Amino acid sequence: MPADSILPYNPALMQGAAPDVAFRHRHLLGIEGLSPEDIKYVLDLADGYVELNRQAEKKRSVLRGRTIINCFFENSTRTRTSFEVAGKRLGGDVINMSVAASSMHKGETLIDTAMTLNAMHPDVLIVRHPESGAVQLLSEKLDCAVINAGDGSHEHPTQALLDALTMTSCTAASRARISHC
């Protein structure tokens, strides 16, 4: 996708206006199932949040009333903290589940833990798991949206999207510097 096809910061999206195109997927499990339009939509939205994070007032209410559970089965400072900060800045109720302090430590299965969380009616479950395919399995069992924050050696779609955003931003910045020479 050419860098110049990425739209600049869109204040209307940041204020909760309806986007021109909606993200059509219930879950974000991988990059493979995303169309170029899906990726462009996510990158456009993310680019707006980059600008928002540069402002003094970062808090929005886009996720007010929504419950987000970060469920990380392996350590991850940057990814878990990024999801927590994003959820809170967008007004969501964010819960960080400590797997080490959960019943999984006593032998509860992944599915048992997932069903317990599902009974709490979260809106989104963000999962990082060391086993490939674990996030897919959870998406098939839960009523809420599931976001893959890394599942073993399989895929880390949110990191791939962040990398794409970084590359398009750097490419756009390079083109801007060249055009001013």
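Calculation rules
- Residues numbered from 1 in each chain as written.
- Predicted model: local features only at pLDDT ≥ 70, side-chain atom pairs only at ≥ 80, totals over all residues.
- Heavy atoms only, no water.
- Core = buried A, V, L, I, M, F, W, Y, C linked by side-chain atoms within 4.5 Å.
- Buried < 20%, exposed > 50% of the residue type's maximum accessible area, 1.4 Å probe, protein only.
- Helix = DSSP H or I, 4+ residues; strand = E, 2+ residues; numbered from the N terminus.
- Contact = heavy atoms within 4.5 Å.
- Pairing = 2+ DSSP bridges.
- Right-handed = clockwise from strand over helix to strand, strands pointing away.
- Arc of directions from axis to C-beta.

A. Molecular detail of the nonpolar core. The biggest cluster of nonpolar side chains holds 17 residues, and the ones touching the most others in it are Leu125, Val127 and Leu142. Those elements that place two or more of their residues in this core are strand 1 (67-72), helix 4 (110-118), strand 3 (124-129) and helix 5 (134-141). Excluding anything up to four places from it in sequence, leucine 142 contacts Arg26, Ala114, Met115, Asn118 and Leu125.

B. Summary view of the pairing of strand 4 (residues 145-151). With six of seven residues buried, strand 4 lies mostly within the body of the structure. The sheet contact formed by strand 3 and strand 4 spans five bridges and is parallel. What sits directly across from histidine 129, in strand 4, is aspartate 151. Read from strand 3 through helix 5 to strand 4, the crossover connection turns out right-handed.

C. Examining helix 4 more closely. Residues of helix 4 that are buried: Leu110, Thr113, Ala114, Leu117 and Asn118. Buried positions in helix 4, seen along its axis, are confined to an arc of 140 degrees and lie on one side of it. Looking at the packing, one finds that the buried side of helix 4 touches strand 1, strand 2 (93-98), strand 3 and helix 5.

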